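# Remarks on the overall topology
Here's the letter readout for the chains.
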Amino acid sequence: MGDLQAKPTRDGFGEELLNLGYENENIIVLSADVEDSTRAEYFKKKFPNRFYNVGIAEQNLVGISAGLAKEGFTVFATSFAVFLTNRAYDFIRISVCYNNLNVKLCASHAGLMIGEDGATAQSLEDISIMSVLPNMRVVCPVDYIETKKITRYIAKEFGPFYMRLGRTPYPIVTSESDVFEFGKGRVLMEGEDLTIISYGVTVSESLKASEELRKEGISARVINMSTIKPFDEEIVLKSAEETGAIMVVEEHEVINGLGSMIARFLATKKPIPMEFVGVNDEFGVSGKPYELLERFGLDYKSIKEVAKRLIKRKKS
Amino acid sequence: MLGQKVSMENLKEMAKDIREKILIMTHNVNSGHPGGSLSLVEIMLSLYFYKIRYNPKDPNWEDRDRVVISKGHATPVVYLTLAKAGFFEEEEVMKGFRRLGYNFQGHVYTGVPGVEFSTGSLGQGLSAGIGMALAARYKNKDYNVYVILGDGEVQEGSIWEAAMFASFHKINNLCAIIDYNKIQQNGFVNEILSIEPLKDRWEAFGWNYIEIDGHNFDEIFQALDAFESSKVSGKPTVIVSNTIKGKGISFMEYNNAFHGRAPTKEELDRALQELRGGNHG
């Protein structure tokens, strides 16, 4: 981890979307009255003619996006993760995915890290329900720097994407010189005893956990899996073979999250001991972002304990 | 290229033929939605043989008018009209409708040439139509977008999200056509959840409002022309087309049983006899 100051991924999104606006006249951005929060506002200010605030109407937001995309535009539909994915789900399913249109759903304020607003604003199902849709690809940048690269990538690549973004500053764990490869996981820390796979803000917690484990003689590999659908099967299989134990850490419901997807894959390729760290069939609550990570067992200390449990199971 | 224009006599012949085939094709696979297809026959024919611009040899021709079928279950009448308009052979759809291995899906599907947008969950077509209509502005095109809505569909809240947006943004190249056949799956619309007063509601939402008999070609033509000429007002237009669900077959008219059920062999024979007798043309 570098010394760079933590920054919200939504900022990376807003800044790169603005850059793309200068380069590509074909981009149109829509918001459901939260463009200040999602940072789509940066684009709006420079390109008001290619921006719509559709009002508080997420279904219409996604439907209009689909219609514009059908006519050849690259459309960014932006809102909070809970509203965009849950409220407009059927529109995403039929208008965007079944029609296979060039709509980029970019959702900020995902996960527990939105904090004090509590359960109704904390999106803990979005990865699951977006991943189950045919034609949809799902990404969650790990930090501000990677967000910019992913924003650029999805703007160029045809078809539906869901990008999950956060409000809170996330630690910077990548560098400008790293190359983002869609569909590829990336080892951020090597290790032989077990592998921790994560995405988003819990990657940096996993890295901290790995450092702590090292002090106790356990070497934990940490993988950033910012492409969630399709996830990198190759790196998962390789890590399963080399480390013999895998845990998946996600700021999301455990049910049908990335952990479930990886478990399903390994069940037929290489069954090994696994652990799943996430929210367990519960709604969120109000609290400060990092207090919530602790409350739901997603902080580095909790990750460390689960890792030790996994190592025991691996040996027995 | 302009849509083909045909004589009134031809239109009436085509309408009768399409009604027969709606019954035959749904009967053949023992599934489908004949009632809400029979109500839409004259509207679809008027669009494709009186009003809109299209090129069946080039379904994605940039300057074509766009037709979005939001009531996606109306596939029988939609596919048959597109066949008559020359997008594919009628035999193909009669053979492939709702059958494995063909693109003629149960609800309108873009795999079928001429189908603009896949639907099948109600309340989505108007928003998509708005997107297409806005795109015309960006591309400096003068095409129109027609969105065919079911009457029960107007109960979906998303329709009103879209209605609000369209007038606020002065989307005047958008024409919604409501197939007001008065019946939804489980009974009469206005007994289940009334959508009235339609005129007050759409006007209050800032739309031009036109009401017609949706089985009368002359009235449909006039309404479509009125939409064109009202574009100067800067408003979107809604045409409320009063129709009869199951139109043309005595025992299917006003009968919600045929919303989503195909006729049996006996019913088919009776229906064809009635249609060929010419009493309901």
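Above this note sits the structure.
On a predicted model such as this, the values are computed, not experimentally measured, just so you know. (Residues numbered from 1 in each chain as written. Chains lettered and ligands numbered in written order. Predicted model: local features only at pLDDT ≥ 70, side-chain atom pairs only at ≥ 80, totals over all residues. Heavy atoms only, no water.)

### Comments concerning the sheet that holds strand 8 (residues 194-198) of chain A
Adjacent strands of a sheet form backbone hydrogen bonds with each other and so pair up, either parallel or antiparallel. Residues and elements named next belong to chain A. Spatially, 7-9-8-11-12 is the arrangement adopted by the five strands of the open sheet, whose pairing is mixed. The sheet is open, and its two edges are formed by strand 7 (186-189) and strand 12 (274-279), each paired on a single side. Sheet twist, expressed as the mean angle between neighbouring strand axes with direction ignored, is 25°. (Pairing = 2+ DSSP bridges. Helix = DSSP H or I, 4+ residues; strand = E, 2+ residues; numbered from the N terminus. Axes fitted to C-alpha atoms, helices over the stretch in contact; angles between N-to-C directions.)

### What about the packing of aromatic side chains?
For the structure shown, the criterion picks out 24 aromatic pairs over all chains. Consider the rings of Tyr98 of chain A and Tyr109 of chain B, whose centres lie 5.5 Å apart with planes at 25°: the pair is stacked. In this pair, Tyr98 of chain A sits in helix 6 (residues 89-98) while Tyr109 of chain B sits in the loop between helix 5 (90-96) and helix 6 (125-139), so the two residues belong to two different chains. Exposure remark for Tyr109 of chain B: the relative accessible area of 22% places this residue in the partly exposed category. By way of ring pairs, the aromatic residues Tyr153, Phe161, Phe180 and Phe182 of chain A are connected into one cluster. Geometry around Tyr144 of chain A places Lys7 of chain A over its ring, the cationic atom sitting 3.9 Å from the centre. Between the NZ or CZ atom of Lys182 of chain B and the centre of the ring of Tyr180 of chain B, over which it lies, the distance is 4.1 Å. (Phe/Tyr/Trp six-rings, centres within 6.5 Å; stacked < 30°, edge-to-face > 60°. Buried < 20%, exposed > 50% of the residue type's maximum accessible area, 1.4 Å probe, protein only. Lys NZ or Arg CZ within 6 Å of the ring centre and 35° of its normal.)

### Topic: the packing of helix 4 (residues 58-70) of chain A against helix 6 of chain B
Contact geometry of helix 4 of chain A with helix 6 of chain B gives a least axis separation of 6 Å together with a crossing angle of 45°. Relative to helix 6 of chain B, the element helix 4 of chain A is oriented oblique. Handedness of the helix 4 of chain A/helix 6 of chain B crossing: right-handed. Mapping the contact onto sequence places Asn60, Gly63, Ile64, Gly67, Leu68 and Lys70 of chain A in helix 4 of chain A and Ser127, Ala128, Ile130, Gly131, Met132, Leu134, Ala135 and Tyr138 of chain B in helix 6 of chain B. Looking at side-chain class alone, the contact of helix 4 of chain A with helix 6 of chain B contains eight nonpolar, five polar and one charged residues. (Parallel < 35°, antiparallel > 145°, perpendicular 65-115°, else oblique. Left-handed = near helix turned anticlockwise from the far one by under 90°. Contact = heavy atoms within 4.5 Å. Nonpolar A, V, L, I, M, F, W, Y, C, P; charged D, E, K, R; others polar.)

### Some points on the interface of chain A and chain B
With 25 residues of chain A in contact, the opposing surface of chain B contributes 27 residues. Contact with chain B buries area across many residues of chain A, yet Tyr52, Glu71 and Tyr98 of chain A alone supply 28% of it, more than any other trio. In this structure, the connection of chain A to chain B is made through two salt bridges. Arg66 of chain B is the partner of Glu71 of chain A in a salt bridge, and the nearest nitrogen-oxygen pair spans 2.7 Å. Listing elements by their share of the side of chain A that touches chain B, those giving two or more residues are strand 2 (51-53), helix 4 and helix 6 of chain A. (Buried area = accessible area lost by both parts, 1.4 Å probe. Salt bridge = Lys/Arg side-chain N within 4 Å of Asp/Glu carboxyl O.)

### Overview of the pattern of salt bridges
All chains considered together, the criterion is met by 41 salt bridges over all chains. Here Arg164 of chain A ties to Asp126 of chain A by a salt bridge, and the two come within 2.9 Å at their closest N and O atoms. Here the residue Arg164 of chain A occupies a position in strand 6 (residues 161-164), and Asp126 of chain A occupies one in helix 7 (residues 126-131), the gap between them amounting to 38 residues. Residue Arg164 of chain A is classed as buried on the basis of its relative accessible area, which comes to 3%. Two residues, Arg295 of chain A and Glu282 of chain A, come together in a salt bridge whose shortest N-O distance is 3.0 Å. Taken as a pair, Arg295 of chain A in helix 12 (residues 289-295) and Glu282 of chain A in the loop between strand 12 and helix 12 lie far apart in primary sequence, 13 residues in all. Overall, the relative accessible area of 31% leaves Glu282 of chain A in the partly exposed class. It is possible to trace a salt-bridge network through shared partners that takes in Glu71 of chain A together with Glu62, Arg66 and Lys139 of chain B.

### Observations concerning unusual backbone geometry
Each neighbour pair has its own omega, and for Lys229 of chain A with Pro230 of chain A the value is 0°, a cis peptide bond. Relative to the elements of secondary structure, Pro230 of chain A occurs in the loop between strand 10 (227-229) and helix 10 (233-243). Residue Pro197 of chain B is bonded to the preceding Glu196 of chain B through a cis peptide linkage, with omega at -5°. Within the secondary structure layout, Pro197 of chain B lies in the loop between helix 8 (189-192) and helix 9 (198-204).

### Looking at helix 11 (residues 265-277) of chain B
Residue and element names in this part refer to chain B. Between its first and last C-alpha, helix 11 extends 18 Å over 13 residues, near the 18 Å set by a 1.5 Å rise per residue. By the burial criterion, the buried members of helix 11 are Glu267, Leu268, Ala271, Leu272, Glu274 and Leu275. Viewed end-on, helix 11 has its buried residues packed into an arc of 160°, placing them on one side of the element. Structural note: helix 11 exposes Glu266, Gln273 and Arg276 on the side pointing more than 90 degrees away from its buried face. Buried residues along helix 11 sit in contact with helix 1 (8-29). (Expected span 1.5 Å × (residues − 1). Arc of directions from axis to C-beta.)

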